[in-house]
Amino acid sequence: MADENKKTAMSVFKNGLFTENPTFMQLLGMCPTLAVTTSLQNGLGMGLSATAVLICSNLLISLLRKIIPDKVRIAAYIVIIAAFVTVIDMSLQAFMPDLASSLGLFIPLIVVNCIILARAEAFASKNGPLHSAVDGLGMGLGFTGALCIISAIREILGAGTIWGITLYGTHVQPATIMIMAPGGFIVLGLLIGTINFIVKKTKKGADK
Amino acid sequence: MAVQIVSILLSALLTENFVMVKFLGICPFLGVSKKTETAFGMGMAVTFVMALASAFTWLANKFLLIPFGLDYLQTILFILIIAGLVQFVEMFIKKSLPSLYNALGIYLPLITTNCAVLGVTLLNVQNYADSFIFSLLNGTFSALGFTLAIVLMAGIREYLDEDAVPECFRGFPIALLTAGLMSIAFMGFSGFSIG
């Protein structure tokens, strides 16, 4: 982060996707992460909607960063984000009514997804429009990827399906609890724990 | 009327608990649940904001948005009302309860982005658009449900700190697993209703 000039669009993108992955590393945006990851379709839909909002809001905030007065910046960011979320909400209801109804309340709630406000404050307000849009794309896809991993695990274990396709017939009774509320907490807890473990192992390896 | 109020109370506190069942307000639930007192203070601040937000957004919806056919502006208007209220609560707590103000830290302005607050106002408009009283009660009781969950969680986490948790599970992961177990307990209430 120190030498701003050397930062290329590619490194900004990778940063969002892996190094500072919003879900697994920064632990932001937990509510939608837990609530909509009951099936892979929902997870992907949510992730892409949030990505679209993130790119648009990052781009616009970055363009307006010299005009918005410092004191009211948070309020200004929220209004910009809310406007884009309303656009996405209405488009989803018009073109993908099924997805819109299964995500329900959590589409308007993208407004209060901490990832989007955090990127506006931490990145878009300090960087140019190109980098900000790329940062939005990277963070958004990082979020989408995390949602897909969690929702795939939960769908396979809890419903015995993946992308709606039945996996193991009638012989195995799926563990319904995994697609209910407790499953979300438990899967995410175990995943983050495992990632911590892997990161620690690789760091130790690098030290030797 | 009385039966309906009790049933709103029970569903908001137990069967439809915001944190445990509906996954709203997870960020402060995990972020501010390390000490019971702070958790309780956070719960009360959220309750105050949610009650006020329910009242104001109901009025705004009924007398501004619906008469002019501007329903689609709900999200934008509601988040602005909430942001204003949070600013007000922040100034109030800073003046009158400085110790709580310091303990809540960054999480106080973040009530604005607590999805429980925006969530409850949007749910109120869906479910209780006609009744001011029920909107207000639903907002207040849901916030009490949030307080219940966060205080219980803080109580457990105070003990967890002293236990030998594997290193890579310290902090966030073990808190999530705990929340999962609590959520299973809350599932026991599902189907429980009055009236």
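Worth saying up front: this structure is predicted, and the values here are computed from it rather than measured.

1. Some details on the interface of chain B and chain A
Between chain B and chain A, the residue contacts involve 33 residues of the former and 34 residues of the latter. Overall, the association of chain B and chain A removes approximately 3100 Å² of surface from exposure, summing both partners, and the carbon and sulfur fraction of that is 87%. Lysine 200 of chain A is the partner of glutamate 167 of chain B in a salt bridge, and the nearest nitrogen-oxygen pair spans 3.9 Å. Summed over the shared surface of chain B and chain A, the number is 1 residue pair in polar contact (both at pLDDT 80 or more). Residue assignment for the side of chain B that touches chain A shows that the elements contributing at least two residues are helix 2 (26-31), helix 4 (74-96), helix 6 (115-127) and helix 8 (172-187) of chain B. Ranked by the residues each element gives to the side of chain B that touches chain A, the list is headed by helix 8 of chain B, at 9 residues. A breakdown of the residues in the side of chain B that touches chain A according to their chemical character gives 24 nonpolar, 7 polar and 2 charged.

2. Focus on the side chain of serine 49 of chain A
All names here are of chain A. The residue serine 49 is located in helix 3 (residues 40-64) in this model. Note on serine 49: relative accessible area 6%, which makes it buried. What serine 49 contacts, discounting residues up to four positions off in sequence, is Ile88, Leu92, Ile107 and Ile110.

3. Quick look at the packing of helix 3 of chain A against helix 4 (residues 73-95) of chain A
The relative placement of two packed helices comes down to the angle between their axes together with the axis-to-axis distance. Residue and element names in this part refer to chain A. Direction vectors running N to C along helix 3 and helix 4 enclose 145 degrees, while the axes themselves pass 9 Å from each other. Crossing hand, helix 3 versus helix 4: right-handed. Residues Ser49, Ala52, Val53, Cys56, Ser57, Leu60, Ile61 and Leu64 of helix 3 form the contact with helix 4, whose own contacting residues are Tyr77, Ile80, Ile81, Phe84, Val85, Ile88 and Leu92. Residues of the contact of helix 3 with helix 4, tallied by class, amount to 13 nonpolar, 2 polar and no charged.

Calculation notes
- Residues numbered from 1 in each chain as written.
- Chains lettered and ligands numbered in written order.
- Predicted model: local features only at pLDDT ≥ 70, side-chain atom pairs only at ≥ 80, totals over all residues.
- Heavy atoms only, no water.
- Contact = heavy atoms within 4.5 Å.
- Buried area = accessible area lost by both parts, 1.4 Å probe.
- Salt bridge = Lys/Arg side-chain N within 4 Å of Asp/Glu carboxyl O.
- Polar contact = N/O pair within 3.5 Å; in protein donor to acceptor, adjacent residues only side chain to side chain.
- Helix = DSSP H or I, 4+ residues; strand = E, 2+ residues; numbered from the N terminus.
- Nonpolar A, V, L, I, M, F, W, Y, C, P; charged D, E, K, R; others polar.
- Buried < 20%, exposed > 50% of the residue type's maximum accessible area, 1.4 Å probe, protein only.
- Axes fitted to C-alpha atoms, helices over the stretch in contact; angles between N-to-C directions.
- Left-handed = near helix turned anticlockwise from the far one by under 90°.

Read these as layout, nothing more, since geometry by itself doesn't imply function.
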